[in-house]
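Spelled out, the chains give:
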Number of protein chains: 2
Amino acid sequence: MAEKKINDTFLKACRGEKTDYVPVWYMRQAGRSQPEYRAIKEKYSLFEITHQPELCAYVTRLPVEQYDVDAAILYKDIMTPLPAIGVNVEIKSGIGPVIDDPIRSLSDVDKLGEIDPESDVPYVLDTIKLLTKEQLEVPLIGFTGAPFTIASYMIEGGPSKNYNKTKAFMYAEPKAWFALMDKLAEMSITYVKAQINAGARAIQIFDSWVGALNVADYRYYIKPTMERIFSELKNENVPLIMFGVGASHLAKEWHDLPLDVVGLDWRLPIQEARTMGLTKTLQGNLDPAILLSPWEVIEERAKEILDQGMQQNGYIFNLGHGVFPQVNPENLKKLTTFIHDYSKKAKVSI
Amino acid sequence: MAEKKINDTFLKACRGEKTDYVPVWYMRQAGRSQPEYRAIKEKYSLFEITHQPELCAYVTRLPVEQYDVDAAILYKDIMTPLPAIGVNVEIKSGIGPVIDDPIRSLSDVDKLGEIDPESDVPYVLDTIKLLTKEQLEVPLIGFTGAPFTIASYMIEGGPSKNYNKTKAFMYAEPKAWFALMDKLAEMSITYVKAQINAGARAIQIFDSWVGALNVADYRYYIKPTMERIFSELKNENVPLIMFGVGASHLAKEWHDLPLDVVGLDWRLPIQEARTMGLTKTLQGNLDPAILLSPWEVIEERAKEILDQGMQQNGYIFNLGHGVFPQVNPENLKKLTTFIHDYSKKAKVSI
C-alpha cells in the first residue's frame, strides 16, 4: 500500500538523523486543556469519544492543527486494552482508573485472557486508519502502558502514592509476578503491533510509575520483560520510545534496551543525560508546571533545554510529563512556534 | 546542666566517627504500625496525644523500647508549628494536612506571623524535656519541615501530586515566593533552636517533596534558603540531617550545604552516592515496601545496603521513607537486631 506523504521530521529525529529544525509534540496535547475538547465532553461521554473513530480522530487531530506540532498521539487511555484480557476498569472522574477485583494471587493472573485487537478494540484501529490514511500530515504515535505501570493499577485497584501492594506482591510472589509480567507483555506486544499495522508510525511505551523502584529491582523484576517487548517490536521498524516520571535513576537501564528514544522528565537535564552516556535520541523535558508561568519564563526555560538538546542530532522537544488541564492553549501554540523558529535559526548558523 | 549519659552511637555516626556497630532508626517508627499506638488512638485523639507530654513521650519512646533502635524521633507532624504563624491546618484522616485559606499573593505572605515556641508550642518542649532528662537512653532527634515542603501545603491547600500551584506561584511571583521562604526559614530556625534547647540532640529537616523540582530550580528558588537555615543551626553544635523522597537528583546539592548527614531514599544506592562524591555521613535507604515482604527478602536487601554503607565510617541505617501502617512490628525488631549483629561482626572482622 502506498504510504501517505507526511512531515517526517519527528521520525528522522527518532532515528538520530539530521533535521531542519527540532520536532516537538506534547504528552497529553489533546484533552482538557483545550476548550474545543471541553465543548465535546459536554455533548459526549469519554466512552463515546474513544469508541467513535470520527470523534476520537477529531480530538487527536485538534492539537496538530492548533499548535502545529510534528506528531499526533492517539487519544486513548493506557487502560484501553484491559477489558479485553478480562479486567474491569472504570475511569472515575477526579480519581483515575479504578479496578474492582484487584490481582491477589497466581490464580488471578492465570485467569487473565489474551487480546485480539481486531475484535476487542476495533475502534482503536479504525481511528488510526482514519487519521493516518486520510487526515494527518504528521506521524501518528501509538502507545501502550508498560507491564509494571499497568500491573500497579491491577494490584492496587486504582492509582497509588507508594505502590506498596504492588511491591509487596512482587517481592512475596515472584512466580505470580513474572506470570503477570508475561501476560501484560503479551498484551502490549499484540496491541501495539495492531496499532502499527493500522498505521501508527512510532510507539511510545509509558512506564509512568516504574520510577518507584530502585535500580536493582528494576533490573531483576522489570528489565527482562521490557527487553522482550522491545526485541519483539524491533522487527516492526518503527521508532520505539520509552517514558516514565521520576525515573532518572533508571535512564541508563532504558538506554540499554533495544529502543530508539529515551523520554526524560525534568529531573534529569539533557546535558547530564548525554554526559552519562545516553547517546540515543532524547525526548523532553520541560516541567509542565512551567506552562502555568508567564510567557517570558516559559521561553527562557525552553531555550535552556533546546540549547542542550541541539548539541547533537537525535533530539525531540516535549514536556517532562503531560499537559495539565489548567494550561492556556495559547502558550502551547507560542511554544511550538518558538521551538521551531529558534532551532531553525540555530541549525542554519552552525 | 549535666547531660544524661546516653548511647551515643548514632551521634558518632552523624559526625563520621568510628562506631562499634551501625546505628539504626526508622522514619515514622512510632505510629500506626504499632498495636500499642493503635490502642492509645482508640482512647485519645491525635490532638490529645501530641498535646499531652506524657502521652506523646510514651508514643515516642515505644519503638525505642520495642525495636532497640539507636535514636528516638519526636512524635509530631511537620505541620505542628503552623498555627503559631497564623495558618489554620487540620489533619484529615485518609487525606493528610488540609489548609483552608491557601496562600495566593504577597499580601497573604505578609500576614504570616512569627513563632514563639515557649508560648505557642510549650507541649513540644515539655515532651522533649521529659524524654531527654528522664526517660530516653538514646538521643532524641528533633525535626522541622523545610520551607518548600511546608509551602507546598500552604499553597496547594493540602497534599498534592504534581505541586502545580506551588510551582506556578514560585515562577510567577518570585518576590512573594522568596518572602514566603524567608518567613518559613525563620519559623524553622526558631522552632528547631527551641527543640535543641529543650534537649534534642540532632535535627532532621524534612524537605519531603522538593524532589518535584529540577536541579536548576532547586539552586535558584530553594538552596539559598536552605543555606541560611543550616548556617544558622550550625552554631548549635548538633548534627543536622537532610531528607526528601525522590530527590536523588538533588543529593549533590544537599551535600554542598553546611549539614552533617544526607538522607537518601531507595532510588540512589549508597555505593553510587559515594562514587558521586558524597563523603558526608549517609542515612538510609531500604525501600519501606520491602518490610511487607517475607523475612528472607528483608534480610537479603538489608545486607546489600549494609555492605555498601559499612565501606566507610559515617553511615546510619534507616528506611528510604516512613514505616507504613501495614508493617508487622516483628519485622522491625528482627531488622534492628540483624543490623546490629551483622555490623558488629563485620566491624570486628576488618
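Residues numbered from 1 in each chain as written. Chains lettered and ligands numbered in written order. Predicted model: local features only at pLDDT ≥ 70, side-chain atom pairs only at ≥ 80, totals over all residues. Heavy atoms only, no water.

**Observations regarding the overall build of chain A**
Here comes step 1: For chain A, the helix and strand inventory stands at 15 helices and 9 strands.
Here comes step 2: For 350 residues, the compact-globule formula gives about 20 Å, and the C-alpha radius of gyration of chain A, at 19 Å, lands near that figure.
Here comes step 3: Across its three principal directions, the C-alpha atoms of chain A cover 60 × 45 × 45 Å.
Here comes step 4: Burial status across chain A gives 60% buried among its 350 residues. (Helix = DSSP H or I, 4+ residues; strand = E, 2+ residues; numbered from the N terminus. Rg over C-alpha atoms; globule rule 2.2 N^0.38 Å. Buried < 20%, exposed > 50% of the residue type's maximum accessible area, 1.4 Å probe, protein only.)

**Structural notes on the nonpolar core**
Buried together is how nonpolar side chains tend to be arranged in soluble globular proteins.
Here comes step 1: One finds Phe317 of chain A together with Phe317 of chain B to be the most contacted residues of the largest nonpolar core, which totals 249 residues.
Here comes step 2: Among the elements that take part in this core, helix α10 (residues 174-198) of chain B stands out by supplying 14 residues, more than any other. (Core = buried A, V, L, I, M, F, W, Y, C linked by side-chain atoms within 4.5 Å.)

**Let's talk about helix α7 (residues 122-135) of chain A**
Residue and element names in this part refer to chain A.
Here comes step 1: The end-to-end C-alpha distance of α7, which contains 14 residues, comes to 19 Å, matching closely the 20 Å that a straight helix rising 1.5 Å per residue would cover.
Here comes step 2: Among all positions in α7, only Tyr123, Val124, Leu125, Thr127, Ile128, Leu130, Leu131 and Thr132 are buried.
Here comes step 3: Tucked inside the fold, the buried residues of α7 contact α3 (46-51), α4 (53-67), α6 (117-120), β4 (140-145) and α10 (174-198). (Expected span 1.5 Å × (residues − 1). Contact = heavy atoms within 4.5 Å.)

**What to know about the relation of the copies chain A and chain B**
Here comes step 1: When chain A is fitted onto chain B, the two copies agree to an RMSD of 0.0 Å after a turn of 180° and an axial shift of 0.0 Å. Here the symmetry operator amounts to a two-fold rotation axis. Distance from the rotation axis, computed per C-alpha, reaches its smallest value in chain A at Gly246 of chain A: 3.5 Å.
Here comes step 2: Looking at chain A, 100% of its interface residues are interface residues in chain B too, so the copies touch through the same face. (Least-squares fit on C-alpha atoms with pLDDT ≥ 70 in both.)

**Overview of the sheet that holds strand β5 (residues 202-206) of chain A**
Residue and element names in this part refer to chain A.
Here comes step 1: Within the open sheet, the 7 strands sit side by side as β1-β4-β5-β6-β7-β8-β9. Their pairing is parallel. Whereas interior strands pair on both sides, the edge strands pair on one side only; in this sheet they are β1 (72-73) and β9 (315-319).
Here comes step 2: As judged from the 2 bridges shared by β1 and β4, these two strands associate in the parallel manner. What sits directly across from Ala72, in β4, is Leu140.
Here comes step 3: Helix-sheet contacts for helix α11 (residues 215-234) involve β5 and β6 (240-243), and the interaxial angle to β6 is about 155°. (Pairing = 2+ DSSP bridges. Axes fitted to C-alpha atoms, helices over the stretch in contact; angles between N-to-C directions.)

**Some thoughts on the UniProt feature "domain: Uroporphyrinogen decarboxylase (URO-D)" (unreviewed entry) in chain A**
Here comes step 1: Under the feature "domain: Uroporphyrinogen decarboxylase (URO-D)" (unreviewed entry), the UniProt entry names residues 23-32 and 141-157 of chain A.
Here comes step 2: In residues 141-157 of chain A, the share of helix is 59% and the share of strand is 29%. The end C-alpha atoms are 28 Å apart. (UniProt positions renumbered as here; feature names shortened; annotations may be inferred.)

**With respect to a positive patch on the surface**
Here comes step 1: On the surface, Arg28, Arg32, Arg38 and Lys41 of chain A together with Lys161 of chain B cluster together into a patch of positive charge.
Here comes step 2: Here Lys161 of chain B shows up in the loop between α8 (147-156) and α9 (164-172). (Patch = residues over 30% accessible without salt bridge, like charges linked within 9 Å, V, L, I, M, F, W, Y side chains within 5 Å. Areas by Shrake-Rupley, 256 points an atom, 1.4 Å probe, with all protein chains shown as cover. Salt bridge = Lys/Arg side-chain N within 4 Å of Asp/Glu carboxyl O. Lys, Arg positive; Asp, Glu negative; His and termini not counted. Charge placed at Lys NZ, Arg CZ, Asp CG, Glu CD.)

**Comments concerning the confidence of the model for chain A**
Here comes step 1: Per-residue pLDDT for chain A averages 95, and the proportion of residues at 70 or more is 98%.
Here comes step 2: Interface predicted TM-score (ipTM) for the complex: 0.91; the corresponding pTM is 0.94. (pLDDT = per-residue confidence, 0-100.)

**Quick word on α10 of chain B**
Here comes step 1: Between its first and last C-alpha, α10 of chain B extends 36 Å over 25 residues, near the 36 Å set by a 1.5 Å rise per residue.
Here comes step 2: In the segment just after α10 of chain B, Gly199 of chain B is the residue with positive phi, at about 135°.

**A few points about the interface of chain A and chain B**
Here comes step 1: Contact residues are listed per partner, giving 29 residues for chain A and 29 residues for chain B.
Here comes step 2: Together, the buried faces of chain A and chain B total about 2400 Å²; carbon and sulfur atoms form 54% of this surface.
Here comes step 3: Three residues, Asn164, Tyr171 and Arg267 of chain A, lead the burial of chain A against chain B; their summed loss comes to 23% of the area buried on that side.
Here comes step 4: Viewed at the interface, chain B and chain A are joined by 4 salt bridges.
Here comes step 5: Between Arg301 of chain B and Asp217 of chain A there is a salt bridge; the shortest N-O distance is 2.7 Å.
Here comes step 6: Here chain A and chain B share 8 residue pairs in polar contact (both at pLDDT 80 or more) between them.
Here comes step 7: Elements supplying a minimum of two residues to the side of chain A that touches chain B: α9 (164-172), α11 and α14 (295-309) of chain A.
Here comes step 8: No other element matches the 5 residues that α9 of chain A contributes to the side of chain A that touches chain B. (Buried area = accessible area lost by both parts, 1.4 Å probe. Polar contact = N/O pair within 3.5 Å; in protein donor to acceptor, adjacent residues only side chain to side chain.)

**Considering the pattern of salt bridges**
Here comes step 1: Under the definition given, this model contains 28 salt bridges over all chains.
Here comes step 2: Residues Asp260 of chain A and Lys234 of chain A are paired through a salt bridge, measuring 3.4 Å at the closest nitrogen-oxygen approach. Residue Asp260 of chain A is found in the loop between α12 (251-256) and β7 (261-263), and its partner Lys234 of chain A is found in helix α11; the two are separated by 26 residues along the sequence.
Here comes step 3: Among the residues examined, Lys234 of chain A registers a relative accessible area of 35% and is labelled partly exposed.
Here comes step 4: Ionic pairing is found between Asp287 of chain A and Lys167 of chain B, a salt bridge with its closest N-O pair at 2.7 Å. In this pair, Asp287 of chain A sits in the loop between β8 (281-286) and α14 while Lys167 of chain B sits in helix α9, so the two residues belong to two different chains. The two residues Asp287 of chain A and Lys167 of chain B agree in class, both being buried.
Here comes step 5: Each of the salt bridges in this network shares a partner with another, and the network as a whole consists of Asp182, Glu186, Arg228 and Glu232 of chain A.

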